[in-house]
Amino acid sequence: MDVLLNNLDLFVLGFANTVLMFAVSAVFSLLLGVVIGVLRISPSSSMRAVGTTYVNLLRNTPLALLMMFFALGYPKLGLPALDYTTLAIIALVLYTASYVAEVFRSGINSIHVGQTEAARAIGLTFDQVITVVLVPQAFRNVVPPLISVFIALLKNTTVASGFSVMQAGAISANMSERGENLLATLLWVAFFFFLLVMGLAAVQRKFERKWAQS
Amino acid sequence: MDLNNTVSIPSLTATNPLVILNKVNKFYGENHVLRDVNTIVNRGEIVALIGPSGAGKSTLCRAINRLETISSGDIFIDGVALPDEGRELATLRADVGMVFQSFNLFAHKTVLENVMLGPVMVRRTKKSDARALALEHLDRVGVADQADKMPSQLSGGQQQRVAIARALAMGPKLMLFDEPTSALDPEMVSEVLDVMLALAKTGMTMVTVTHEMGFAREAADRIIFMADGQIVEEATPTEFFSAPKTTRARDFLQKVLAR
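Here the structure is a predicted model, which is why all the values come from computation and not from measurement.

## Topic: helix H7 (residues 126-141) of chain A
Because an α-helix packs 3.6 residues into every turn, residues spaced three or four apart end up facing the same way.
Logical step 1: Maximal helix bending in H7 of chain A amounts to about 40 degrees, located at Leu 134 of chain A; proline Pro 136 of chain A follows within four positions.
Logical step 2: Taken together, the buried positions of H7 of chain A are Gln 128, Val 129, Ile 130, Val 132, Val 133, Leu 134, Val 135, Pro 136, Gln 137 and Ala 138 of chain A.
Logical step 3: In this structure, the buried residues of H7 of chain A make contact with helix H2 (8-40), helix H5 (84-109) and helix H6 (113-121) of chain A together with helix H3 (111-121) of chain B.

See the structure below:
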């Protein structure tokens, strides 16, 4: 307990940053993932190709490599300077969006074709069919796998430790500098991750209950 | 396949054509599912499409609002050739109501929202007006008391009546019914047919794919009998049911009326 209480500043800062990185990445990867997922079911073959290429490229790249590209490569591109945390978030968003897209696509594919036909038959345009009928139903179908993707995202934030971004995964390195017991530190970090994941699981149950009726 | 005794289709009096089908053909790969289909549906006419399964009735019905594309030929609705997929086609579909075998109510929306969706999203009707309109049509089909439920909480017959209300709320000039009672439990068939009969009396133009011979006999102005992708016989219900001209139709009637 002393390990925790004597270094509360580090734990609070680390986990606050982890939660921040997670929240921002989750929102943007969800938005980007839905767009990519819709591209993958587009009637236009070139749009589908864009979606497929994106998923294949990003999902097949190890996250650490992607982060390394952003941390080391991006500053050399001559674009506006961004801090490491922002770069890490961009890498997380691009990476996680490929998983969201695939989950989302399967959610759309699991919707009975009659839903689309009924929507088209009352005169909805393609965009309206997607946004009013398919996307909301796809969400209802994919709550459990989507939460799994977000749980992975939460833990993936720790990969940013390699690029001097202060977050939960970097707590142990700072603790060893302070001469604290590493095993106890890691156990505490794991414990707080466990709590956060339980929180996400609770969110999952809430949505599943809410949408159980339809 | 014996189609030698196909009678020539009587030249139709196109007094006021709403739907014109001209040499419509469709292939599913090698499978020729619609063969040179020519017919006309006049304004206010009730047409029943009947025939053995696999005859192409549903395909033909769905081709009229282009849910099914055709390989060759022309389809005109109200003088306009069916456009390609896009905004123009969507506009045209808004004027053509469709009722499906499997109801296809939007599973994530309440009954009321199902009926309001078209008027709000397509017709740009104000929400409050769309609500009133939706309730009026739900009342017309006898399910206004279910307005706030989800579709899955309703019986099949109720769901299908909501689907009819959803189509009618768009103020269509044509209604397509693709086997509207085939997925229903027997005791629910009549509640849906009653709604359709009442609609027929209002002068709505209707094309109905059906296995309900009683309905076809009572409500239809004309029977189109299809087999193997062709229109084999067209006649008034009285002519068709009392004196079918083809052996194909006689065989069919013998089987379905013997039950």
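## A closer look at the UniProt feature "domain: ABC transmembrane type-1" (unreviewed entry) in chain A
Logical step 1: According to UniProt, the positions carrying the feature "domain: ABC transmembrane type-1" (unreviewed entry) are residues 15-204 of chain A.
Logical step 2: Summarising residues 15-204 of chain A: 77% helix, 0% strand, and an end-to-end C-alpha distance of 21 Å.

## A look at the packing of helix H3 (residues 45-59) of chain A against H5 of chain A
All names here are of chain A.
Logical step 1: Packing of H3 against H5 leaves a shortest axis separation of 9 Å and a crossing angle of 125 degrees. The angle between H3 and H5 places the two elements in the oblique class. Crossing angle aside, the handedness with which H3 passes H5 is left-handed. Within the contact between the two elements, H3 uses Tyr 54, Val 55, Leu 58 and Arg 59 and H5 uses Leu 94, Tyr 95, Ala 97, Ser 98, Tyr 99, Ala 101 and Glu 102.

## Structural notes on the confidence of the model for chain B
Residue and element names in this part refer to chain B.
Logical step 1: Mean pLDDT over chain B stands at 92; residues scoring 70 or higher make up 94%.
Logical step 2: In this model, residues 1-11 is a region of pLDDT below 50 whose contacts with residues beyond four sequence positions or in other chains number 21 contacts.
Logical step 3: Scored by ipTM, the complex comes to 0.89, with pTM at 0.84.

## What about the UniProt feature "domain: ABC transporter" (unreviewed entry) in chain B?
Logical step 1: With numbering aligned to this structure, UniProt lists the feature "domain: ABC transporter" (unreviewed entry) at residues 19-253 of chain B.
Logical step 2: End-to-end, the C-alpha atoms of residues 19-253 of chain B are 27 Å apart, and along that stretch the chain is 38% helix and 26% strand.

## Details of the layout of surface pockets
Logical step 1: Space inside the largest pocket adds up to approximately 450 Å³.
Logical step 2: Around the largest pocket sit 21 residues that line it, and Thr 116, Arg 120, Phe 126 and Val 129 of chain A together with Glu 85 of chain B are the ones nearest its centre.
Logical step 3: Secondary structure elements with two or more residues in the lining of the largest pocket: H5, H6 and H7 of chain A together with helix H2 (87-94) of chain B.
Logical step 4: For the lining of the largest pocket, the element with the highest residue contribution is H7 of chain A, accounting for five residues.
Logical step 5: Of the residues in the lining of the largest pocket, the class split is 11 nonpolar, four polar and six charged.
Logical step 6: Considered as a void within the structure, the second largest pocket measures approximately 230 Å³ in volume.

## Considerations on the nonpolar core
Logical step 1: Residues Phe 11, Phe 15, Met 21, Phe 22, Met 67, Phe 150 and Ile 171 of chain A are the most contacted members of the largest nonpolar core, which totals 51 residues.
Logical step 2: For this core, the secondary structure elements donating two or more residues are helix H1 (2-5), H2, H3, helix H4 (63-73), H5, helix H8 (143-156), helix H9 (171-177) and helix H10 (182-210) of chain A.
Logical step 3: A total of 11 residues in this core trace back to one element, the largest contributor, which is H5 of chain A.
Logical step 4: Phe 15 of chain A has contacts with Ala 168, Ile 171, Val 189, Phe 192, Phe 193 and Leu 196 of chain A, leaving out every residue within four places of it along the chain.
Logical step 5: Formed by 49 residues, the second largest nonpolar core is a distinct cluster that contains Val 38 of chain A together with Val 47, Leu 49 and Ile 64 of chain B.

## Examining the interface of chain A and chain B
Logical step 1: With 20 residues of chain A in contact, the opposing surface of chain B contributes 29 residues.
Logical step 2: For the pairing of chain A and chain B, the buried interface totals around 2000 Å² over both sides, and the portion due to carbon and sulfur atoms is 61%.
Logical step 3: At the junction of chain A and chain B, the tally comes to two salt bridges.
Logical step 4: A salt bridge links Arg 62 of chain B to Glu 117 of chain A; the nearest nitrogen and oxygen atoms lie 2.7 Å apart.
Logical step 5: If you look at where chain A meets chain B, you find eight residue pairs in polar contact (both at pLDDT 80 or more).

Rules and cut-offs
- Residues numbered from 1 in each chain as written.
- Chains lettered and ligands numbered in written order.
- Predicted model: local features only at pLDDT ≥ 70, side-chain atom pairs only at ≥ 80, totals over all residues.
- Heavy atoms only, no water.
- Bend = angle between axes of the 7 residues up to and from the residue.
- Helix = DSSP H or I, 4+ residues; strand = E, 2+ residues; numbered from the N terminus.
- Buried < 20%, exposed > 50% of the residue type's maximum accessible area, 1.4 Å probe, protein only.
- Contact = heavy atoms within 4.5 Å.
- UniProt positions renumbered as here; feature names shortened; annotations may be inferred.
- Axes fitted to C-alpha atoms, helices over the stretch in contact; angles between N-to-C directions.
- Parallel < 35°, antiparallel > 145°, perpendicular 65-115°, else oblique.
- Left-handed = near helix turned anticlockwise from the far one by under 90°.
- pLDDT = per-residue confidence, 0-100.
- 1 Å grid on protein atoms, 1.4 Å probe; cavity = no way out; pocket = protein on both sides within 12 Å on 5 of 7 lines; lining within 4 Å.
- Points joined across faces, edges and corners; volume = space filled by probe spheres on them.
- Nonpolar A, V, L, I, M, F, W, Y, C, P; charged D, E, K, R; others polar.
- Core = buried A, V, L, I, M, F, W, Y, C linked by side-chain atoms within 4.5 Å.
- Buried area = accessible area lost by both parts, 1.4 Å probe.
- Salt bridge = Lys/Arg side-chain N within 4 Å of Asp/Glu carboxyl O.
- Polar contact = N/O pair within 3.5 Å; in protein donor to acceptor, adjacent residues only side chain to side chain.

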